[in-house]
Amino acid sequence: MRVYNFSAGPSMLPQEVLEEAQREFLDFAGTGMSVCEISHRDKAFSAIVEEAEANLRELMNIPQEYCVLFVQGGASQQFAAVPLNLMHTGKADYIVTGNFAKKAWQEGKIYGDARVIASSEDKTYTYIPDVDKIAYNDDADYVHITSNNTIFGTRYAKFPETKAPLVCDMSSEILSREVDVTKFGVIYAGAQKNLAPAGVTIVIARRDLIENPLPVCPTMLKWKTQANDGSLYNTPPCFSIYMANLVLRHLKKLGGVKAINEVNVYKAGLLYDFIDSSSFYTNNVVKEYRSIMNVPFVTPSKELDEKFVKEAKANGLVTLKGHRLVGGMRASIYNAMPVEGVKKLVEFMKKFEQENA
Ligand SMILES: *Cc1c(COP(=O)(O)O)cnc(C)c1O
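This is a predicted model, so every value here is computed, not measured.

**A look at the domain arrangement of the chain**
The domain architecture assigned to the chain consists of domain 1 (15-253) and domain 2 (256-356). Taking only C-alpha atoms into account, the centre of domain 1 sits 27 Å from that of domain 2. Residue-level contacts link 24 residues of domain 1 with 24 residues of domain 2. There are zero salt bridges connecting domain 1 and domain 2. Broken down by secondary-structure element, the contributors of at least two residues to the side of domain 1 that touches domain 2 are β7 (154-155) and α6 (238-253). A class-by-class count of the residues in the side of domain 1 that touches domain 2 yields nine nonpolar, nine polar and six charged.

This is the structure:
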């Protein structure tokens, strides 16, 4: 029996997509081979990469001045790729709003003067610093942000307006809300949260920014290498790209990012409204910065938190344990989480409160 999986990543995929992949798993597009068995140089496979790129461009409204890359190594690899491609004068600004943002900054420091220009660590990352009040440095090669903070459940309500190119880790919210790509120099995202199985990472980079990687940048990490070869410089994560394409097609069918955002806002609203109406559950993120993808919450005690996670699991609501840095619970409600799943969770929360308050 399938359950509602609230995992932060890898996470749920749309059931229709899983079924479609299953149907054509042994014989992809009449090749008599599985998509896992065909050469990445096969026309049937390059057609997938091309379609996935076209679908992503359409869904996110990505202009031609940007390249779209499908690479390996996860978002964490991009923490290094960003400075290695962009840190020409050796200086960059970072806004630290969570654990991944901090890791990105720490990686940046290996290559140059990576400066934290704002941080919400003082209040355990329960808010996003006011982007209009930050002192951006004039000499930065780029400004790095993490748009949705997976562990702490925050997101930018408004993006910074910066002179230097804005670089954004969108791993846990890509394709969940409309963003104006032209406001960014580079957007990257590990796919395993909102788009595909683990293994593929999306990079969307303005073409003029990829021309001069640092001399020490490994060939594989040069965005230019990947752009020149249409993401086929070496063997790409074929199956993950194929799955990403199925998810992108599915999203188009649902009406695109605007439509899915409306569903996401509705789902998150069900959960936050219930938490706010209850004196048993708490989410302590500043309201305007609450993520619509990751919703951390606690009960009055650690013991009840543990009991909650255990009983939820027995009710088909799984992977609700919070990240070790935060404790409590976390419900990740990405694009693929059905409204029904969130309703079931809220029902369970009500019942658990009645029995344990
Ligand atoms: C999950 C996550 C990462 C790490 O991604 P990997 O692909 O595992 O390297 C980085 N940033 C954010 C915002 C994430 O949610």
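**Re the sheet that holds strand β8 (residues 166-169)**
Strands in a sheet are paired, the pairing made by backbone hydrogen bonds, and the direction either parallel or antiparallel. Strand order across the open sheet formed by seven strands is β2-β10-β9-β8-β5-β3-β4, with mixed pairing between neighbours. A single partner strand is all that each edge strand has here, and the edge strands are β2 (66-71) and β4 (113-119). Each neighbouring strand pair of the sheet contributes to a mean axis angle of 20°, computed without reference to strand direction. The sheet contact formed by strand β5 (residues 143-146) and β8 spans four bridges and is parallel. Looking at the pairing, T146 lines up with D169 of β8.

**Structural notes on the pattern of salt bridges**
Under the defined criterion, the tally for this structure stands at 21 salt bridges. Shared partners join several salt bridges into a network, and the residues in it are K91, D93, R115 and D139.

Analysis parameters
- Residues numbered from 1 in each chain as written.
- Predicted model: local features only at pLDDT ≥ 70, side-chain atom pairs only at ≥ 80, totals over all residues.
- Heavy atoms only, no water.
- Domains from an automatic or database assignment.
- Contact = heavy atoms within 4.5 Å.
- Salt bridge = Lys/Arg side-chain N within 4 Å of Asp/Glu carboxyl O.
- Helix = DSSP H or I, 4+ residues; strand = E, 2+ residues; numbered from the N terminus.
- Nonpolar A, V, L, I, M, F, W, Y, C, P; charged D, E, K, R; others polar.
- Pairing = 2+ DSSP bridges.
- Axes fitted to C-alpha atoms, helices over the stretch in contact; angles between N-to-C directions.

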